[in-house]
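Observations on the three-dimensional arrangement
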Amino acid sequence: MSGDRQDFGERVRMNLGAVTARASVRIVAAFRERSWLLGETLFPILSMATFVLVYRGLGAPRAFESFAVLGGAMIAYWNNVLWSMASQFFWEKEQGQLQLYLITPVSRMSILLGMALGGMLATTTRAIVILLAGIFLFHVPFPWERAPGALGLFLLTLGALYGLGMILSSVFFLWGREAWNTVTLFQEPVYLLSGFYFPVSALGTVAASVAGFIPITLGLDGIRQILFGEAAKGFIPVVWIVPIQAALLILYLLLAHRALLVMENLGKREGRLTIRGG
Amino acid sequence: MRRTWETIRAGAWIGWQVEANWADPFLFAAFAIAKPLATTLILFLMTKLVSGGAVGAEAFHQLFIGNTFFLYVTEVLIGISWAVFRDREDYETLKYIYVAPIRFLPYLLGRGLTKIGTASIGVVFALAFGGLVLGVPIRHDVVTLARLLGVTLLGLIGVAWLGVALAGISLVVARHSINLNEGLGGVFYLLCGAVFPLDVLPAWAQRISLLLPFTYWLELLRRIVTGKPYSGILRGTDDGSLLLILAATTAATVVGGYFWFAWCERTARAKGLIDWKSNY
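This structure is a prediction, so every number in the text was calculated from the model and none was measured.

Parameters and conventions
Residues numbered from 1 in each chain as written. Chains lettered and ligands numbered in written order. Predicted model: local features only at pLDDT ≥ 70, side-chain atom pairs only at ≥ 80, totals over all residues. Helix = DSSP H or I, 4+ residues; strand = E, 2+ residues; numbered from the N terminus. Rg over C-alpha atoms; globule rule 2.2 N^0.38 Å. Buried ≥ 20, exposed ≤ 12 C-beta atoms within 10 Å, placed from the backbone. Contact = placed C-beta atoms within 7 Å. Core = buried A, V, L, I, M, F, W, Y, C linked by C-beta atoms within 7 Å. Axes fitted to C-alpha atoms, helices over the stretch in contact; angles between N-to-C directions. Parallel < 35°, antiparallel > 145°, perpendicular 65-115°, else oblique. Nonpolar A, V, L, I, M, F, W, Y, C, P; charged D, E, K, R; others polar. pLDDT = per-residue confidence, 0-100. Expected span 1.5 Å × (residues − 1). Left-handed = near helix turned anticlockwise from the far one by under 90°.

1. Focus on the overall build of chain A
Regarding its fold elements, chain A presents 12 helices and 0 strands. Listing every helix and strand of chain A by position from the N terminus yields α-α-α-α-α-α-α-α-α-α-α-α. Radius of gyration (C-alpha) of chain A: 20 Å, near the 19 Å computed for a compact globule of 278 residues. Oriented by its inertia axes, the alpha-carbon framework of chain A measures out at about 65 × 45 × 35 Å. A total of 278 residues make up chain A; the buried ones form 50% of that total.

Shown next, in the form of C-alpha cells:
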C-alpha cells in the first residue's frame, strides 16, 4: 500500500516536471527566435488593421472596429493552437524527436499540457501587443472598466481551445506533409466560422451553433457581449456561454486523452511514428 | 531558348507535385478554394452587418473584386520565394538544381507558373461564387473578358517578378526570409487598398500606395469587371493612363527583379549559401 502511494507520488512529481519542462521550453523558444516574435505579432496586426479599415471604409459604427481588434488578438491564440500545438508532433517527428517523447515514462497529456500553458503565456504577450496596437494606433473604443468581467470567460475559452488543440495534435501524430496543408486549411475558414472579424450571429443559427464547437466562437461572442452589450449582436446569452465553455473544456480534455492513446497505438502498428518527410 | 522552356516546364511540374500530390483531387480543390471562399464570405457578412442587409451594395462588389484578385499576390509572390526556402531547407535539393546543367531562374519561374495555376482555381471559383451566389454583377462580354485577361496577365508578370526579387532575398537570408515575405504580403494587402478605398488610409500611406503596381492593377480590374471606379484618389486617372502606369511599373519590376535576383544569386554562390541549412 505504502509502495503504491510512493509510486503514485513519484508519477505525479514526474508528470508535473514534464509539464514545467515543456512549458519552459515553449516560453524560452517564443522569445529566442526574434523573427517569429515579429511575425507572430506583425501579421495579425496587419490583418487586424486591414479589417478595421474595411469597417472604416464602410462607415460602420466604431464598435465594429473594436470587434475586429478583439478578433485580431484572439487569432494569435488560434494560430498558436494550430501551428504550435496541433501540428507540434509533426514538427517533432520531422526533427526526429518524437520517439524521445514516446520513450519517456510520462503521460503525453503532461507534455501537451506543458505545451499549452507555455503557448498561452507566450501568445498572451502577442495578443496584448495586437490589442494595444488596435486601441492606440486606431483609437478604437475599449471599455476598460468591463474588462475584468470578460477575463474569466477569456480564461475558460483558452482552456477549452487548448483542449481542442490537444485533440488535434493526436490526429497530427500520424500525418506527414499533409499536416502543413491541413493547418493552412484550418485558418481562414475558421476565421469565418468563429466570427473573428464580425459578430458570429451573422452566420445564422445553424452555422453559428456548429461553429460553437470551436471554443473561440462562443468565447469571443461572450467577451464582445460583456464589453459592448447590445451592440455586440450576441448569438446566445452570456449566462449560457459560461457552462457551455466549461463543458467543452472537460469534454475536449477527456477526448484528447482517449485520442492520444488510440493514435499512438495506431502509429506504432503502422510504423508511422518515426517516418520523416512523409 | 528550348532548354530554358524545358526548365520552366520541369519547374512547373515539380511545383505541381509539391503542391498537389499530398491529397486526392477533391481535397486539393477544397484546399485551393477554401481561402478565397472564406475571405469572400467574411467581407460579405461584414458588409451585410454594416449595411443592414443591403448586400447588393456597390461597396461589397468593389471589396470582392480586390480581395479575389489579391489572391494572386499572396499565392504567387510568397510561393516563388517560399520555393527557395523549401528546396534549400526542407528538401535540401537546391544544391542539386545548381549542379544540374540548367539555370535556376527559369526553374523558379516554372514554380511560379504552378502557383499561378493553383491561385487561378481559387480566383475563378471565387468569381463564379460571387457572380452566381452573391449577386456581384460581373460583366462577361467578349471585350470585357479579353481586357480582363490582358490586364490580369500584365499584373501577374509584375507579381511574378516581384516574387523573383523576394526569392533573391531568400537566397541570401536565413530562415527569417519567410516572415519577411509573408509580412510583405500583409503590407501590400493593406497598402494597395485590396479591401477598402485608399482614401481611408493616412496621407503618408497613400503616397506609398501610389508607388505600388498592385494599386493600379486592382483599380483597373475593378473598373473592367464592374464598370465603375473605386478609389477616390485615382478617380481623376482614366483607364488608359492607369494601364500605362501599370505597364511602366511592371517593366520596372521585371528589370529590377532580374538584376536584383542575379546579384543575390552571385552573392549566395560566392558566400556558399546555396546549401545553407538555417532552419530547425
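2. Quick word on the overall build of chain B
Looking only at helices and strands, one finds 10 helices and 0 strands in chain B. In sequence order, the secondary structure elements of chain B are arranged as α-α-α-α-α-α-α-α-α-α. What you see for chain B is a C-alpha radius of gyration of 19 Å, in line with the 19 Å of a compact globule of 280 residues. Each of the 280 residues in chain B was classed as buried or not, and the buried ones make up 46%. Put simply, of all contacts in chain B between residues at least 6 apart along the chain, 81% involve residues at least 24 apart.

3. Looking at the nonpolar core
Within the largest apolar cluster, 161 residues are counted, with the highest numbers of intra-cluster contacts made by Val54 and Tyr55 of chain A together with Met46, Tyr72 and Val76 of chain B. If you tally residues by element for this core, the top one is helix α3 (residues 58–90) of chain B, at 17 residues. Those residues in contact with Val54 of chain A that lie beyond four places of it in its chain are Leu43, Met46, Leu63, Val195 and Phe196 of chain B.

4. A few points about the packing of helix α6 (residues 142–172) of chain B against helix α9 (residues 213–226) of chain B
All names here are of chain B. Direction vectors running N to C along α6 and α9 enclose 170°, while the axes themselves pass 10 Å from each other. When the axis of α6 is compared with that of α9, the two are roughly antiparallel. In contact with Thr144, Arg147, Leu148, Val151, Gly155 and Gly158 of α6, α9 contributes Pro213, Trp217, Leu220, Leu221, Ile224 and Val225. For the contact of α6 with α9, the class distribution of residues is 8 nonpolar, 3 polar and 1 charged.

5. Overview of the confidence of the model for chain A
Atom-level detail of predicted coordinates should not be read off regions where pLDDT is low. When pLDDT is averaged along chain A, the result is 88, and 95% of the positions lie at 70 or above. Per-element confidence in chain A is highest for helix α11 (residues 215–228) of chain A, whose mean pLDDT is 97, and lowest for helix α8 (residues 178–185) of chain A, whose mean pLDDT is 76.

6. Concerning the interface of chain B and chain A
Chain B puts 30 residues into the contact, and the matching count from chain A is 29 residues. Sort the elements by how many residues they give to the side of chain B that touches chain A and helix α2 (residues 25–51) of chain B lands first, with 14 residues. Residue composition of the side of chain B that touches chain A, grouped by class: 21 nonpolar, 6 polar and 3 charged.

7. Notes on α11 of chain A
End to end, α11 of chain A covers 20 Å across 14 residues, agreeing with the expected 20 Å (1.5 Å per residue, within 8%). In terms of residue burial, α11 of chain A counts as a mostly covered element, since 14 of its 14 residues are buried.

8. Some remarks on the environment of Ser47 of chain A
Position of Ser47 of chain A among the secondary structure elements: in helix α2 (residues 34–58). Remark: the alpha-carbon pair of Ser47 of chain A and Ile75 of chain A, spanning 28 residues in sequence, is separated by 9.8 Å. Not counting residues within four places of it along the chain, the set of residues in contact with Ser47 of chain A comprises Gly72 of chain A together with Gly186 of chain B.

9. Remarks on the packing of α9 of chain B against helix α10 (residues 239–270) of chain B
Angle between the axes and distance between the axes are the two parameters that describe a pair of packed helices. All names here are of chain B. In the contact formed by α9 and α10, the axes pass within 9 Å of each other and the chain directions differ by 145°. When you trace α9 past α10, the crossing you get is left-handed. Residues Pro213, Tyr216, Trp217, Glu219, Leu220 and Arg223 of α9 form the contact with α10, whose own contacting residues are Asp239, Leu242, Leu243, Ile245, Leu246, Thr249, Thr250 and Thr253. Class assignment for the residues of the contact of α9 with α10 results in 8 nonpolar, 3 polar and 3 charged.

10. A look at the environment of Glu10 of chain A
All names here are of chain A. Turning to its location among the elements, Glu10 is positioned in helix α1 (residues 2–32). Assessed through the 11 C-beta atoms surrounding it within 10 Å, Glu10 is described here as exposed. Sequence separation between Glu10 and Gly165 is 155 residues; the distance between their C-alpha atoms is 28 Å.

11. Here's the deal with unusual backbone geometry
In the Ramachandran plot, His139 of chain A falls in the positive-phi region, its phi being about 55° despite a non-glycine side chain. Tracing the sequence through the fold places His139 of chain A in the loop between α6 (108–137) and α7 (147–172). Judged by the 11 C-beta atoms lying within 10 Å of it, His139 of chain A is exposed. Its identity is not glycine, yet Glu92 of chain B carries a phi of approximately 55°, on the positive side. Along the polypeptide, Glu92 of chain B turns up in the loop between α3 and α4 (94–99). By the C-beta count within 10 Å, which is 13 here, Glu92 of chain B ends up partly exposed.

12. With respect to the environment of Ser209 of chain A
Inspection of the secondary structure puts Ser209 of chain A in helix α10 (residues 205–211). It is 9.6 Å that separates the C-alpha atoms of Ser209 of chain A and Ile236 of chain A, two residues lying 27 residues apart in sequence.

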